[in-house]
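What follows is each chain in one-letter form.
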Amino acid sequence: MSTREEIEALIDATATGDRSAFAALYGHTSAKLFGVVLRILKSDTETEEAVQEIYLKIWRNADRYRAGGYSPMTWLITIARNHAIDRLRARRATGAGLSEAEEIADVTPGPEALAMASSDRARIVNCFGQLPLDRAEAVRRAYLQGETYAELAARFEVPLNTMRTWLRRSLLKLKECLSE
């Protein structure tokens with residue numbers, strides 16, 4: 001894995017149109033982004049398409065990244081997660097086709113399982129364990145499964161603004177825990 005500074009340098013070079021830097025950025029980050037997207041979309045084929053679209057967004061918007069703020073991986077993962085959630089919501093809006101019903105889940109570990117096996121996984125699990133169970137579940141459903149605030153508020157039987165507060169405070173606690 002590359003360091004934060006190396007990835008920032010690759011993003012900066014990509015912003016200037018450096019194709020070799022973009023290829024290196026892809027090589028260093030694509031497995032992680034694939035895992036994030038696969039966890040949301042749960043389809044290898046759709047995930048591969050989404051990752052291609054995500055890297056097009058990264059190529060076009062690399063100049064928007066600002067070093068010194070959040071980590072570059074956080075920026076990349078946010079782009080990937082948001083794109084995957086948009087695809088998931090679009091799929092839900094159109095309804096699932098019959099071809100999806102024929103697919104059989106592959107139980108072999110894929111890139112997502114390998115990415116989650118890293119040492120970061122233990123830290124994340126520990127930090128989630130410090131949240132109340134309902135808050136941790138709400139965060140998982142919002143950011144990993146793409147549920148909307150309204151869906152979560154209905155599921156947990158709380159007002160919409162309460163759900164927003166839960167998620168915001170939970171994310172702040174997770175950020176604080178992960179930065180220790």
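What counts, and where the lines are drawn
Residues numbered from 1 in each chain as written. Predicted model: local features only at pLDDT ≥ 70, side-chain atom pairs only at ≥ 80, totals over all residues. Heavy atoms only, no water. Phe/Tyr/Trp six-rings, centres within 6.5 Å; stacked < 30°, edge-to-face > 60°. Helix = DSSP H or I, 4+ residues; strand = E, 2+ residues; numbered from the N terminus. Buried < 20%, exposed > 50% of the residue type's maximum accessible area, 1.4 Å probe, protein only. Contact = heavy atoms within 4.5 Å. Salt bridge = Lys/Arg side-chain N within 4 Å of Asp/Glu carboxyl O.

**Digging into the packing of aromatic side chains**
Tallied over the entire structure, the rule returns 5 aromatic pairs. Note on Phe 22 and Tyr 55: the rings are 6.1 Å apart at their centroids and 70° apart in plane angle, and the pair reads as edge-to-face. Here Phe 22, found in helix α2 (residues 19-41), pairs with Tyr 55, found in helix α3 (residues 44-61); they are 33 residues apart in sequence, far enough to count as distant. Residue Phe 22 shares its accessibility class with Tyr 55, and that shared class is buried. With a centroid separation of 5.3 Å and an interplanar angle of 55°, the aromatic rings of Tyr 65 and Trp 75 are classed as tilted.

**Concerning the side chain of Thr 14**
Among the structural elements, Thr 14 can be located in helix α1 (residues 4-15). Classification of Thr 14 as buried rests on a relative accessible area of 1%. Those residues within four positions of Thr 14 in sequence are excluded, and the remaining contacts are Ala 21, Phe 22, Leu 25, Trp 59 and Ala 62.

**Thoughts on the pattern of salt bridges**
Enumeration over the complete set of coordinates arrives at 9 salt bridges. Across the pair Glu 46 and Arg 87 runs a salt bridge, and its minimum N-O distance is 3.4 Å. Within this pair, whereas Glu 46 is found in helix α3, its partner Arg 87 is found in helix α4 (residues 72-94), the two being separated by 41 residues in sequence. We classify Glu 46 as buried; its relative accessible area is 15%. Judged by relative accessible area, which is 18%, Arg 87 ranks as buried. Residues Glu 147 and Arg 155 are paired through a salt bridge, measuring 3.1 Å at the closest nitrogen-oxygen approach.

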